[in-house]
Amino acid sequence: DKYPPVIICPDFEVNCIEEPNLYLPINSPDFIGYPEIQDNCSGAEENLNMSYLETGNTCNKVIIRRWQTSDQSGNLSNECLQTIRVRPLSFSEIFIPNPLVLLECKTATDPASIVAATGDVRDGYAFVLIDGEPLPLTGQVCNIVGSYTDLPIEACGPHCHGNIKVIRTWQFIDWCLGIVSAPVT
């Protein structure tokens, strides 16, 4: 075999929540951005090497990968540079909790207690979706921080024995853009 393998590694973009999958071992099933290898011989995939350089921060991160391989005959492939842009979150990707959650009397109304009572993250926390699954915003997630304020209202007048309804209002800060979202109730 006199022909070296050819590597094709297209540039792409991921959101910041997917970023950890960029650093997995290349043989991991969750690894993102595996290149295409063309060779008329075998062994090129087993000899694949990758190194990377990371620049920027949460708001403008770019990862440049350098890929190269050789086949069983020792033919060295082209060097392929792959640019990956890590995109910060936007307010449009954030979902607020379900608007109506019914709890047993005397159940605490903080997000963790609500999730413990219902078993559903979407009932207690603001969240983003990752492959259709909710990831709660508990503190800072990428560039977004969320907080809430509560307006407790007695549920049934003066003799309710502490039963309340809570109107919760959420707001979010985007540290990259330096803006605060409008309140969402």
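Residues numbered from 1 in each chain as written. Predicted model: local features only at pLDDT ≥ 70, side-chain atom pairs only at ≥ 80, totals over all residues. Heavy atoms only, no water.

Asker: What's the story with the overall build of the protein in this structure? I'm lost.
Answerer: Along the backbone of the protein there are two helices and 12 strands. For the protein, the N- to C-terminal ordering of α and β elements is β-β-β-β-β-β-α-α-β-β-β-β-β-β. In terms of C-alpha radius of gyration, the protein reaches 24 Å, well past the compact-globule figure of 16 Å for 185 residues. When its C-alpha atoms are laid out on the principal axes, the protein stretches across 90 × 35 × 15 Å. (Helix = DSSP H or I, 4+ residues; strand = E, 2+ residues; numbered from the N terminus. Rg over C-alpha atoms; globule rule 2.2 N^0.38 Å.)

Asker: Looking at this structure, I do not really get the sheet that holds strand 5 (residues 61-68). What am I missing?
Answerer: Hydrogen bonding along the main chain pairs the strands of a sheet, whether they run parallel or antiparallel. Judged by pairing direction, the sheet is mixed, and its four strands sit side by side in the order 2-6-5-4 without closing on themselves. On the outer flanks of this sheet lie strand 2 (12-15) and strand 4 (49-55), each paired with one strand and no other. Direction aside, neighbouring strands of the sheet carry axes that sit 25° apart on average. Note: strand 4 against strand 5, seven bridges, orientation antiparallel. Residue pairing for strand 5: Glu-54 is matched across the bridge by Ile-63. (Pairing = 2+ DSSP bridges. Axes fitted to C-alpha atoms, helices over the stretch in contact; angles between N-to-C directions.)

Asker: Whenever I open this one, a nonpolar patch on the surface confuses me. Can you help?
Answerer: The grouping of Leu-53, Ile-64 and Leu-81 at the surface amounts to a nonpolar patch, some 270 Å² of accessible area in total. Its place among the elements puts Leu-53 in strand 4. (Patch = residues over 30% accessible without salt bridge, like charges linked within 9 Å, V, L, I, M, F, W, Y side chains within 5 Å. Areas by Shrake-Rupley, 256 points an atom, 1.4 Å probe, with all protein chains shown as cover. Salt bridge = Lys/Arg side-chain N within 4 Å of Asp/Glu carboxyl O.)

Asker: Just checking my understanding: could you explain the pairing of strand 7 (residues 127-130) for this structure?
Answerer: Here is the key point about a regular strand: its side chains alternate between the two faces of the sheet. One ladder, built from four bridges, connects strand 7 with strand 8 (residues 133-136); its direction is antiparallel. From the neighbouring strand, Ile-130 faces strand 8, where its bridge partner is Glu-133. Two successive antiparallel strands, strand 7 and strand 8, enclose a turn made up of two residues, where Asp-131 displays a positive phi of approximately 50°.

Asker: Explain the packing of aromatic side chains to me, please; I cannot follow it from the model alone.
Answerer: Given two aromatic rings, one states the distance between the centres and the angle between the planes to describe the pair. Scanning the entire structure with this criterion turns up six aromatic pairs. Consider the rings of Phe-95 and Phe-127, whose centres lie 5.4 Å apart with planes at 20°: the pair is stacked. Note that Phe-95 is positioned in the loop between strand 6 (80-87) and helix 1 (111-118) and Phe-127 in strand 7, a separation of 32 residues in sequence. A relative accessible area of 6% places Phe-127 in the buried class. Grouping aromatic residues by their ring pairs yields a cluster made of Phe-31, Tyr-34 and Trp-67. Over the ring of Tyr-148 we find Arg-168, and its NZ or CZ is 4.2 Å from the ring centre. (Phe/Tyr/Trp six-rings, centres within 6.5 Å; stacked < 30°, edge-to-face > 60°. Buried < 20%, exposed > 50% of the residue type's maximum accessible area, 1.4 Å probe, protein only. Lys NZ or Arg CZ within 6 Å of the ring centre and 35° of its normal.)

Asker: Looking at this structure, how should I read the nonpolar core?
Answerer: Across soluble globular proteins, nonpolar side chains have a tendency to be buried as a group. Ranked by size, the top nonpolar core spans 18 residues in total, and within it Ile-17, Leu-22, Leu-89, Ile-94, Leu-137 and Phe-172 carry the most contacts. Elements represented by at least two residues in this core include exactly strand 6 and strand 11 (164-174). Excluding residues within four positions of it along the chain, Phe-172 makes contact with Phe-91, Ile-94, Ile-96, Ala-126, Leu-137, Ile-144, Val-145, Gly-146, Ile-179, Val-180 and Ser-181. Core analysis: the next-biggest nonpolar cluster, separate from the first, contains eight residues, Cys-9, Ile-37, Ala-44 and Cys-80 among them. (Core = buried A, V, L, I, M, F, W, Y, C linked by side-chain atoms within 4.5 Å. Contact = heavy atoms within 4.5 Å.)

Asker: What exactly am I supposed to notice about the pattern of salt bridges here?
Answerer: Oppositely charged side chains can pair when the atoms bearing their charge come close. With the rule as written, the count across this model stands at eight salt bridges. Measuring nitrogen to oxygen at the nearest pair gives 2.7 Å for the salt bridge that ties Arg-85 to Glu-13. Of this pair, Arg-85 sits in strand 6 while Glu-13 is found in strand 2, placing the two residues 72 residues apart along the sequence. Overall, Arg-85 belongs to the partly exposed group, its relative accessible area being 39%. Note on Glu-13: relative accessible area 43%, which makes it partly exposed. Here Lys-61 and Glu-54 are joined by a salt bridge, their closest N and O atoms 3.4 Å apart.

Asker: Would you mind showing me how to read the sheet that holds strand 10 (residues 144-154) here?
Answerer: Read from one edge of the open sheet, four strands run 9-10-11-12, paired in antiparallel fashion. Every other strand in the sheet has two partners, leaving strand 9 (140-141) and strand 12 (179-180) as the edge strands with one partner each.

By themselves, these are just geometric observations and shouldn't be taken as functional.
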